[in-house]
Amino acid sequence: MTKNISLNKILLKYSGEAVAGIAGQGIDPKILHYMSKEIKSVVEQNIAVGLVIGGGNLFRGQELNQDGIDRVAGDHMGMLATVMNGIALRDSLERNGIKTRVMSAIPMPGIVEHYDRRLAIHLLDEGFVVIFTAGTGNPFFTTDTAACLRGVEINADLMLKATKVDGVYSDDPKKNPEAKFFKSLTFDEAIHKNLKVMDTTALTLARDNNMNIKVFNYESEGALLDIVKGEDIGTLISNG
């Protein structure tokens, strides 16, 4: 339950697919506007928000690697896709009156700022939403791992992973109506059950640094605000 967790700073993780809308690819401005309103409702509660967004709506390096593209080259292209999503989300947030900065793990002067932990923490303390892009800056690491890493680095009280289902299930609930819903899990349970909510590297990093993760349905309007207010929704993954 998040009622026992005092929230002053969160790390929010969206997949790239989340901004694609019905089309399944590209960027849907309506989805960005919806996300911006949800994030704004949290910022108005004086909660600092760091954000990581994937790039799967534009490019998936792993899939193209299976078709013969070099994995490192594919991952670098995927990192660039996250920067594009970050810039698009920044524009939407700023149009909704939210001060926002985009930081990239790959230097891109003149486009976005290079990631600097101390500057990021300062900006968060000043009320900026900080969007972390380009993953960890290294190939072979997912944006889930990047989200856990940035969450730990900025001392986030909770990481929130936005999905299209209500939390963590034993199987895909959209394909298997008998799938079991987990209200809470330990990191070790999530890893050993191979629930696919996150890759093992991300879960292990969060576990070893005692950073709780809340998995929730971002399509449920107001869910993000309800969580920061202490409502017991979604699935909490913790050390127990």
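The preceding data block contains the structure.
Residues numbered from 1 in each chain as written. Predicted model: local features only at pLDDT ≥ 70, side-chain atom pairs only at ≥ 80, totals over all residues. Heavy atoms only, no water.

Moving on to the pairing of strand 5 (residues 129-133). Counting buried residues in strand 5 gives five out of five residues, a clear majority hidden from the surface. Residues V129, I131 and T133 line one face of strand 5 and the alternating positions V130 and F132 line the opposite face, and both faces are buried. Relative to strand 5, strand 2 (residues 48-53) is paired through three bridges, and the arrangement is parallel. When the bridges of strand 5 are listed, V52 appears paired with F132. As judged from the five bridges shared by strand 3 (residues 100-104) and strand 5, these two strands associate in the parallel manner. (Buried < 20%, exposed > 50% of the residue type's maximum accessible area, 1.4 Å probe, protein only. Helix = DSSP H or I, 4+ residues; strand = E, 2+ residues; numbered from the N terminus. Pairing = 2+ DSSP bridges.)

Time to look at the pattern of salt bridges. Opposite charge on two side chains allows them to pair when their charged atoms are near. Taken as a whole and assessed by the stated rule, the structure comprises nine salt bridges. Residue K13 is joined to D144 by a salt bridge in which the shortest nitrogen-to-oxygen separation is 3.0 Å. Residue K13 is found in strand 1 (residues 9-14), and its partner D144 is found in helix 5 (residues 143-153); the two are separated by 131 residues along the sequence. Accessibility assignment for this pair places K13 and D144 in one class, buried. (Salt bridge = Lys/Arg side-chain N within 4 Å of Asp/Glu carboxyl O.)

A few words on the packing of aromatic side chains. In the structure shown here, the tally under the stated rule is three aromatic pairs. With 5.7 Å between their ring centres and 80 degrees between their planes, Y115 and F132 make a pair best called edge-to-face. Taken as a pair, Y115 in the loop between strand 4 (113-114) and helix 4 (117-125) and F132 in strand 5 lie far apart in primary sequence, 17 residues in all. Taking the relative accessible area as the measure of exposure, Y115 reaches 16% and is therefore buried. For F132, a relative accessible area of 3% puts it in the buried group. (Phe/Tyr/Trp six-rings, centres within 6.5 Å; stacked < 30°, edge-to-face > 60°.)

Time to look at helix 4. For helix 4, the complete set of buried residues consists of A120, I121, L123 and L124. The buried residues of helix 4 occupy an angular sector of 160 degrees when the element is viewed end-on, so they sit on one face. In helix 4, those exposed residues whose orientation departs by more than 90 degrees from the buried face are R118 and D125. Along its buried surface, helix 4 packs onto strand 1, strand 2, strand 3, strand 5 and helix 5. Its side-chain oxygen at 3.0 Å from the backbone nitrogen of R118, D116 defines the N-terminal cap of helix 4. Once helix 4 finishes, G127 follows within two positions and takes phi at roughly 95 degrees, a positive value. (Arc of directions from axis to C-beta. Contact = heavy atoms within 4.5 Å. Polar contact = N/O pair within 3.5 Å; in protein donor to acceptor, adjacent residues only side chain to side chain.)

So far we have only geometry, and geometry alone does not tell us how the molecule works.
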